[in-house]
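What follows is the residue order along each chain.
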Amino acid sequence: MIKGHEINYQSQNVSILKSVDINVGYGEFLAIVGPNGAGKSSLLNVLANEIKTDKKQEIFFKDKIIYDWKLEELSKHKAKISQHNSQDIPLLVKDVVMMGRYPYFGSQPTLEDIKSTEITMVETEIIHFGDRDYNSLSGGEKQRVHLARVLAQLDNDIAHRLLFLDEPLNNLDIKHQHNTLELIKKFTQNNNTAVVVLHDLNLAASFADKILLMEKGEVLAYGAPEEVFTEEKISRAYNFPCTICKHPVNDSTMILFG
Ligand SMILES: Nc1ncnc2c1ncn2[C@@H]1O[C@H](COP(=O)(O)OP(=O)(O)OP(=O)(O)O)[C@@H](O)[C@H]1O
């Protein structure tokens with residue numbers, strides 16, 4: 001779905017990504033984890049074609065160099081939630097979600113666009129906020145509006161769509177964290193792909209198929225959760241002690257810190 005070889009990125013003479021290799025397949029849920037400043041958002045921005053790398057040909061999306069895609073076409077194949085969503089959007093909630101449908105209509109949304117936004121607003125449990133001012137919502141409610149927006153953006157018949165989500169669990173309570181991850185999982189189970197920056201390693205271990213652990217702009221480990229989440233690798237990346245065990249309910253890898 002999306003791949004890059006030896007991705008290098010620097011800004012103001014600071015090297016931010018160093019020889020990063022990545023290859024995310026169809027139907028895969030990839031969690032990018034790592035300490036603050038490791039380069040997770042930068043990698044997501046490079047993969048999503050939002051910042052340019054040192055060499056133009058580094059990123060391939062569906063086997064075509066990402067810069068060669070027409071932006072209008074690309075917007076139906078991939079969508080992104082940024083880490084810092086705008087806090088100030090002077091629109092109703094339903095109109096912010098409708099922004100996800102802009103690639104599909106001209107001056108007025110069609111019935112299909114309206115239906116699409118309503119479905120994703122139900123899924124993200126914001127349908128009852130539809131007529132509220134976006135600016136009046138809490139942080140977690142705003143986060144769910146943006147999830148509804150990107151899900152509406154990718155509500156189409158294209159095979160193999162791609163979601164980029166930068167810390168989509170920010171501000172969410174425990175139930176909505178799980179609901180968000182369930183929605184992402186459901187999306188990937190339909191042969192779509194999600195690349196998600198997460199800070200909660202236990203949630204990453206429970207939901208993601210693969211983990212990319214970053215440190216200082218480099219890939220420290222890449223593979224299945226049980227391969228990446230070892231005491232040695234986590235302690236090295238985070239400079240913090242941990243113990244690995246099995247989750248007593250779902251048997252996934254569990255990390256205890258301290
Ligand atoms: N334009 C820039 N100029 C200089 N340094 C930058 C620039 N953009 C990012 N950086 C630095 O690059 C590093 C990686 O930043 P990035 O936002 O990708 O990290 P991150 O892993 O997403 O961190 P966090 O978990 O804190 O969100 C950081 O040290 C950051 O300060």
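You'll find the chain entered in an unreviewed UniProt entry as Heme ABC transporter ATP-binding protein, with Epilithonimonas hispanica given as the organism. Quoted straight from UniProt, the Function (unreviewed entry) entry for the chain says "Part of the ABC transporter complex HmuTUV involved in hemin import. Responsible for energy coupling to the transport system."

Looking only at helices and strands, one finds nine helices and 12 strands in the chain. With respect to the principal axes defined by its C-alpha atoms, the chain has extents near 55 × 45 × 35 Å. Per-residue burial over the chain gives 40% buried out of 258 residues. Taking as baseline every contact in the chain between residues at least 6 positions apart, the subset at least 24 positions apart corresponds to 64%.

The strand order across the open sheet built from six strands is β6-β7-β8-β3-β9-β10, with neighbouring strands paired in mixed fashion. Only two strands of the sheet have a single neighbouring strand rather than two, namely β6 (78–81) and β10 (218–223). Taken pair by pair, the neighbouring strands of this sheet meet at an average axis angle of 15°, ignoring direction. Sheet topology note: the strand β9 (residues 210–215)/β10 ladder contains five bridges and is antiparallel. Residue Leu-212 lies in a different strand from β10, and its bridge partner there is Tyr-222. Each of β3 (29–33), β7 (162–166), β8 (193–197) and β9 is contacted by helix α1 (residues 40–47), which is oriented at about 150° to β8, the strand it contacts most.

Rules behind the numbers
Residues numbered from 1 in each chain as written. Predicted model: local features only at pLDDT ≥ 70, side-chain atom pairs only at ≥ 80, totals over all residues. UniProt positions renumbered as here; feature names shortened; annotations may be inferred. Helix = DSSP H or I, 4+ residues; strand = E, 2+ residues; numbered from the N terminus. Buried ≥ 20, exposed ≤ 12 C-beta atoms within 10 Å, placed from the backbone. Contact = placed C-beta atoms within 7 Å. Pairing = 2+ DSSP bridges. Axes fitted to C-alpha atoms, helices over the stretch in contact; angles between N-to-C directions.

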